[in-house]
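So the chains spell out like this:
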Amino acid sequence: MKFLSSAGFFKQQRGGCRVFVRADLGQELSNALYGMLSDRLRLVREGRERDVLELGERAVLAKTAVFRHRNSRIRATFGLKRHGAYDRGVMEIHNQLGLLNCPHVPQIVGYGYRRNWLGLVVSTTLATEFIGQSCNLLEFIQAHPEQQNAALLLAFNAIREHLRHSHLHLDLWAGNILVTPDLSKSWLVDVEYFKFAPNGSLEDKLGFCLGYLHNHTIHRFISLDDYVQLVRQWLKDSEQALCHESTLATCIQNANKPLSRKQRLMIF
């Protein structure tokens, strides 16, 4: 998996497991994380698992993915893509490395993979900052319906900030946006379906994100007409340089008939 950059990370190998940990963590935390990620690679044998790992006063979220089929293992080992994307366990590591120092994404602190006796990658693991004192956008709106619009505006701003840096989240439903209880900060998470320097105009990309967000769960809480009015006012207040009508038309189109996962990867 040499195609995954390891600049700024220390590597340690234990048996068939190779684990990379950020160089700025310090010796004690690095050693603890090496051991924990190696354990996840050895112990998780099926599907995908998430675990919150405690590192003293610090916590990280570990995601481990297992590749059951030979073709998936070959693609993971040699960095091959299918339908324009790496397999999910590889894709998220690749994207997190590309998002180092991005303020609206929990930062990667370590990653690794395990090979079998044939040298094929059979599992990957990824550790990112665990954002305590937060909940996802869906949970927040359910608990605080009176603050629904304020929470949505915070999400709009986070989406726009990503697009400003040529980042496009392709699976941006309410569960993939974290917010603090006081709505002072937000993060986009689960970045396995993500594009850097994507194709299309800014209006198309922003309209896609906003429409997709409404179609996936937000429609339960606010009608499309009211949602479009909220987007229209937000554009008027903060995005004078964009073509508002083009953005709104794309938003409505994706709210009514969103693109499939394969279409999203291919179009953008």
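Residues numbered from 1 in each chain as written. Predicted model: local features only at pLDDT ≥ 70, side-chain atom pairs only at ≥ 80, totals over all residues. Heavy atoms only, no water.

(A) Spatial organisation of the packing of helix 5 (residues 148–164) against helix 7 (residues 224–238). Orientation of helix 5 relative to helix 7, taken along the N-to-C sense of each, is 55°, at an axis distance of 11 Å. Put simply, helix 5 runs oblique to helix 7. Viewed along their axes, helix 5 and helix 7 form a crossing whose handedness is right-handed. The segment helix 5 lies against helix 7, with N149, L152, L153, F156, N157 and R160 engaging Y227, L230, V231 and W234. A per-class count over the contact of helix 5 with helix 7 returns seven nonpolar, two polar and one charged. (Axes fitted to C-alpha atoms, helices over the stretch in contact; angles between N-to-C directions. Helix = DSSP H or I, 4+ residues; strand = E, 2+ residues; numbered from the N terminus. Parallel < 35°, antiparallel > 145°, perpendicular 65-115°, else oblique. Left-handed = near helix turned anticlockwise from the far one by under 90°. Contact = heavy atoms within 4.5 Å. Nonpolar A, V, L, I, M, F, W, Y, C, P; charged D, E, K, R; others polar.)

(B) Local environment of unusual backbone geometry. The phi torsion at Q133 lies on the positive side, around 55°, for a residue other than glycine. Structurally, the position occupied by Q133 is in the loop between strand 6 (121–129) and strand 7 (135–136). Accessibility expressed as a relative area gives 69% for Q133, which makes it exposed. Residues other than glycine seldom take positive phi values, yet S166 does so here, at roughly 60°. Residue S166 is classed as partly exposed on the basis of its relative accessible area of 37%. (Buried < 20%, exposed > 50% of the residue type's maximum accessible area, 1.4 Å probe, protein only.)

(C) Broad picture of helix 3 (residues 88–98). Burial analysis of helix 3 places eight of its eleven residues in the buried class, which makes it a mostly covered element. Those residues of helix 3 that sit buried are G89, V90, M91, E92, I93, N95, Q96 and L97.

(D) Quick look at the packing of aromatic side chains. Applying the stated criterion to the full structure yields eight aromatic pairs. Plain terms: the ring middles of F9 and Y111 are 5.5 Å apart, the flat faces sit at 70° to each other, and that makes the pair edge-to-face. On the criterion of sequence distance, the pair formed by F9 in strand 1 (residues 9–14) and Y111 in strand 5 (residues 108–115) is long-range, its members being 102 residues apart. Judged by its relative accessible area of 9%, F9 falls in the buried class. (Phe/Tyr/Trp six-rings, centres within 6.5 Å; stacked < 30°, edge-to-face > 60°.)

(E) The arrangement of the nonpolar core in detail. In terms of nonpolar packing, the biggest core is built from 59 residues, with Y111, L137, F156, L210, I218 and Y227 touching the most fellow members. Per element, the largest residue contribution to this core is eight residues, and it comes from helix 5. Counting 14 residues, the second largest nonpolar core, distinct from the first, contains V19, L55, V60 and A127. (Core = buried A, V, L, I, M, F, W, Y, C linked by side-chain atoms within 4.5 Å.)

(F) Molecular detail of the environment of N176. By the element assignment, N176 lies in the loop between strand 8 (167–169) and strand 9 (177–179). You can call N176 buried: its relative accessible area is 3%. C-alpha separation for the pair N176 and R82, spaced 94 residues apart in sequence, amounts to 23 Å. Filtering out sequence-adjacent residues up to four positions away, N176 remains in contact with H169, D171, W187, L188, V189 and D190.

(G) Focus on the pattern of salt bridges. As enumerated under the stated definition, the model contains 13 salt bridges in all. Here R88 makes a salt bridge to E192, at a shortest N to O gap of 2.9 Å. Of this pair, R88 sits in helix 3 while E192 sits in the loop between strand 10 (186–188) and strand 11 (194–196), and the two are 104 residues apart along the sequence. Each of R50, K63, E92 and D190 takes part in one network of salt bridges that share partners. (Salt bridge = Lys/Arg side-chain N within 4 Å of Asp/Glu carboxyl O.)

(H) Geometry of helix 1 (residues 27–43). Counted at 1.5 Å a residue, the expected span for helix 1 with its 17 residues is 24 Å, and the 24 Å between its end C-alpha atoms agrees. Within the span of helix 1, buried status applies to S30, L33, Y34, G35, L37, S38, R40 and L41. Check the buried side of helix 1 and you find it contacts strand 1, strand 2 (17–22), strand 3 (48–55), strand 4 (58–66), strand 5 and strand 6. (Expected span 1.5 Å × (residues − 1).)

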